[in-house]
Amino acid sequence: MSILLRGGLVIYGEGFEPVRADVLIEGDRIVRVARGISAEADEVIDASGRVIIPGLINAHTHSPMTLLRGLADDLPLMEWLQNYIWPAERKLGRREVYWGALLGLIEMAKSGTTTFVDMYFHMDAVAEAVMKVGLRAFLGYGMVDLGNEEKRKAEIRETERFMKFIEELGDRRINFILAPHAPYTCSPECLRWVAERAREGILVTIHLAETREEVKEIKERYGMTPVQLLDSLGLLTPGTIAAHGVWLDERDAKILATREVTIVHCPASNMKLASGVMPLKMLLKAGVNVALGTDGAASNNNLDMLEEMKLVALLHKVHTLDPTVADAKMVLRMATVHGARALGLKAGIIKEGYLADLAVIDFRRPHLRPLNDPVSHLVYSARGGDVEDLIVAGKIVMLDGEVLGVDEEKVLDKVENIREVVI
Ligand SMILES: N[C@@H](CCSC[C@H]1O[C@@H](n2cnc3c(=O)[nH]cnc32)[C@H](O)[C@@H]1O)C(=O)O
Ligand SMILES: [Zn+2]
């Protein structure tokens, strides 16, 4: 299978330089980026007047939480989780999770996301939804044991079952990730079990240092910061992808940098739950790999990575009173290259030899003209709905705004029905 994208403006290479070129894709790779490629291809997409960007990597989300969008707004994290979200989640079975994930996947595809990291339950239903839509996914069963040994055993069994399920699927786009929920919901025994499995080279994702209360609680319980705790349990490695990292001190940052951990910044969620402002400048200065995520749709309240990029840029400028922090290229790097690095993917940039994960955006729109600086427009002016085509692993996922693998209308009806009957 080969695809030729003809005549677009390509945001090319590590430098994100805009160049007029065609892009030739063979199998799951980009094989050539050049003007006037004459090769025959199975599919030809006319990209003239449009901009071809590397696919965005949403490094932290809970895709089925689209079902809970707008259900419990304007609350702090623990109250939101304990009194609203967890009781609502108890009503969600496999079927509900499947349709919620499909809705989330459609939303992500339509806003330029090609890869995402997901943590939830009924994850085989999420995997089924991913197979239909065709995104690249890292799926983890969220483990919560609350110090209860029986629960821990059950969470470990479910994790092992799901890991085997993913192995047997044998789809290179669908990957397994270990997903202990957080230092305040998982016992040290549970986290140690995860650390042991991670030594075999399996990726790990976890929520970390999200609120001031979490840091206080962990310090009281263990006499260490959440970062020090995870480090003492051997859980901080280059394969660790920790969401939030809002409440970190300089010592934590140094540990994270030394261990080559990735922190996933989720600005919308942090602002909405009033968790705080993550110390982006400090982390980048310490050399920490910072990726970008939306978190779930119940704390965002959408899965639009284009919007998330703008929020990062604006939040840190106003917070530090320094407009040079989080410039457009840096933010785009967080949403692409840094996510790819965390996941060990040769992706996140458009260049020969890289994975063919990319999006085509219509820039012939009033809010994207004149075309002074495409990367600036992408971060500061574009929005989800501007994305028209999406290619993942050399396969067309969306064409002219239509996600090919699913009946979108049917998904919209189903989730409305779930809202009325189940939630
Ligand atoms: N095995 C667990 C499921 C955990 S899935 C992951 C969990 O993370 C929750 N979650 C979503 N966003 C956040 C966040 O920002 N911080 C902490 N937890 C979150 C989400 O609601 C879900 O319950 C159980 O039996 O309940
Ligand atoms: Zn989360």
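The model shown is predicted, which means the values in this text are computed figures rather than measured ones. (Residues numbered from 1 in each chain as written. Chains lettered and ligands numbered in written order. Predicted model: local features only at pLDDT ≥ 70, side-chain atom pairs only at ≥ 80, totals over all residues. Heavy atoms only, no water.)

With respect to the element layout, Thr 336 can be found in the loop between helix 12 (328-335) and helix 13 (337-343). The buried category is assigned to Thr 336, whose relative accessible area is 0%. Filtering out sequence-adjacent residues up to four positions away, Thr 336 remains in contact with Phe 16, Pro 54, Gly 55, Leu 56, Ile 57 and Gly 348. (Helix = DSSP H or I, 4+ residues; strand = E, 2+ residues; numbered from the N terminus. Buried < 20%, exposed > 50% of the residue type's maximum accessible area, 1.4 Å probe, protein only. Contact = heavy atoms within 4.5 Å.)

This part covers the domain arrangement of the chain. Split into domains, the chain comes out as domain 1 (2-54 + 348-402) and domain 2 (56-343). The interface of domain 1 with domain 2 comprises 32 residues on the first partner and 30 residues on the second. Note on domain 1 versus domain 2: buried area summed over both sides is about 2300 Å², and carbon and sulfur give 67% of it. Across the domain 1-domain 2 interface, the total number found is 3 salt bridges. For Lys 329, the salt bridge is made with Glu 17, and the minimal N-O distance between the two is 3.3 Å. (Domains from an automatic or database assignment. Buried area = accessible area lost by both parts, 1.4 Å probe. Salt bridge = Lys/Arg side-chain N within 4 Å of Asp/Glu carboxyl O.)

Now for a positive patch on the surface. A grouping of Arg 20, Arg 35, Arg 364 and Arg 369 is seen on the molecular surface, where their side chains present a positively charged patch. Note that Arg 35 resides in the loop between strand 3 (29-34) and strand 4 (43-46). The class for Arg 35 is exposed, based on a relative accessible area of 64%. (Patch = residues over 30% accessible without salt bridge, like charges linked within 9 Å, V, L, I, M, F, W, Y side chains within 5 Å. Areas by Shrake-Rupley, 256 points an atom, 1.4 Å probe, with all protein chains shown as cover. Lys, Arg positive; Asp, Glu negative; His and termini not counted. Charge placed at Lys NZ, Arg CZ, Asp CG, Glu CD.)

Another point: the sheet that holds strand 14 (residues 289-292). Spatial ordering of the open sheet is given by 11-12-13-14, a layout of 4 strands whose pairing is parallel. The strands lining the two open edges of the sheet, one partner per strand, are strand 11 (204-208) and strand 14. With strand direction ignored, the average angle separating the axes of adjacent strands in the sheet is 30 degrees. Where strand 11 lies against strand 12 (residues 240-244), 5 bridges are found, and the strand directions are parallel. From the neighbouring strand, His 207 faces strand 12, where its bridge partner is Ala 243. Taken strand by strand, helix 11 (residues 305-320) contacts strand 13 (262-265) and strand 14, and its axis lies near 130 degrees from that of strand 14. (Pairing = 2+ DSSP bridges. Axes fitted to C-alpha atoms, helices over the stretch in contact; angles between N-to-C directions.)

What follows is about the nonpolar core. Across soluble globular proteins, nonpolar side chains have a tendency to be buried as a group. Trp 80, Leu 135, Leu 139 and Met 309 are the most contacted members of the largest nonpolar core, which has 122 residues in total. The biggest single contributor to this core is helix 2 (residues 94-110), with 10 residues. When residues are assigned to domains, this core turns out to be shared by domain 1 (2-54 + 348-402) and domain 2 (56-343), each giving three or more. The residues touching Met 309, leaving out its near neighbours within four places in the chain, are Leu 56, Leu 292, Val 331, Leu 332, Ala 335, Leu 378 and Val 379. In this structure, Leu 5, Val 10, Val 23 and Leu 358 belong to the second largest nonpolar core, which totals 17 residues. (Core = buried A, V, L, I, M, F, W, Y, C linked by side-chain atoms within 4.5 Å.)

As a matter of local geometry, ligand 1 sits amid 22 residues, with Glu 89, Gly 142, Glu 155, His 181 and Glu 210 nearest to it. In this structure, a nitrogen atom belonging to ligand 1 sits 3.2 Å away from a side-chain N or O atom of His 62. His 181 is positioned such that a nitrogen or oxygen atom in its side chain is 2.8 Å from a nitrogen atom of ligand 1. Within the complex, the protein chains bury 91% of what would otherwise be the 560 Å² of accessible surface of ligand 1. Judged by the proximity of its atoms to the pocket grid, ligand 1 belongs to the largest pocket. At the level of secondary structure, the elements contributing two or more residues to the shell around ligand 1 comprise helix 1 (77-89), strand 7 (113-120), strand 8 (136-143) and helix 4 (149-169). The greatest single-element share of the shell around ligand 1, amounting to 6 residues, is contributed by helix 1. (Near = heavy atom within 4 Å. Polar contact = N/O pair within 3.5 Å; in protein donor to acceptor, adjacent residues only side chain to side chain. 1 Å grid on protein atoms, 1.4 Å probe; cavity = no way out; pocket = protein on both sides within 12 Å on 5 of 7 lines; lining within 4 Å. Sits in = over half its atoms within 2 Å of the grid points.)

Once that is clear, we can look at the UniProt feature "binding site: Zn(2+)" (unreviewed entry) in the chain. When the UniProt feature table is mapped onto this chain numbering, "binding site: Zn(2+)" (unreviewed entry) sits at His 60, His 62, His 207 and Asp 295. Spanning 236 residues, the named residues form one tight spatial group whose C-alpha atoms are at most 11.8 Å apart. Considering only the residues just annotated, the largest pocket is lined by His 62, His 207 and Asp 295. Along the polypeptide, His 62 turns up in the loop between strand 6 (56-61) and helix 1. A relative accessible area of 7% places His 62 in the buried class. Excluding residues within four positions of it along the chain, His 62 makes contact with Asp 118, Met 119, Tyr 120, His 207, Asp 295 and Gly 296. For His 62, the side chain forms a polar contact with the side chain of His 60, separated by 3.3 Å. Inspection of the secondary structure puts Asp 295 in the loop between strand 14 and helix 11. Residue class for Asp 295 comes out buried when judged on its relative accessible area of 5%. Setting aside its immediate chain neighbours within four residues, Asp 295 contacts His 60, Thr 61, His 62, His 207, His 244, Cys 266, Ser 269 and Leu 303. (UniProt positions renumbered as here; feature names shortened; annotations may be inferred.)

On to the coordination of the zinc ion (ligand 2), then. Protein coordination at the zinc ion (ligand 2) comes from His 60 (NE2), His 62 (NE2), His 207 (NE2) and Asp 295 (OD), with a distance range of 2.1 to 2.3 Å. Geometry at the zinc ion (ligand 2) is irregular, judged from the 4 donor atoms that bind it and their angles of 87 to 171 degrees at the metal. Taken in chain order, the donor set of the zinc ion (ligand 2) reads H-x1-H-x144-H-x87-D. Placement of His 60 in strand 6 and of His 207 in strand 11 is noted, with a sequence separation of 147 residues between them. (Donors = N, O, S within 2.8 Å, 3.2 Å for Na, K, Ca; no water. Tetrahedral: all angles 85-135°; square planar, octahedral: opposite > 155°, others 65-115°.)

UniProt feature "binding site: substrate" (unreviewed entry): in the numbering of this structure it lies at Glu 89, His 181, Glu 210 and Asp 295. Lining the largest pocket, from the set of annotated residues above, are Glu 89, His 181, Glu 210 and Asp 295. Given the relative accessible area of 10%, His 181 is considered buried. What His 181 contacts, discounting residues up to four positions off in sequence, is Trp 86, Met 119, Met 143, Val 144, Cys 186, Ile 206 and His 207. Its place among the elements puts Glu 210 in the loop between strand 11 and helix 6 (212-222). Those residues in contact with Glu 210 that lie beyond four places of it in its chain are Leu 77, Tyr 184, His 244, Val 246, Trp 247, Leu 273 and Ser 275.

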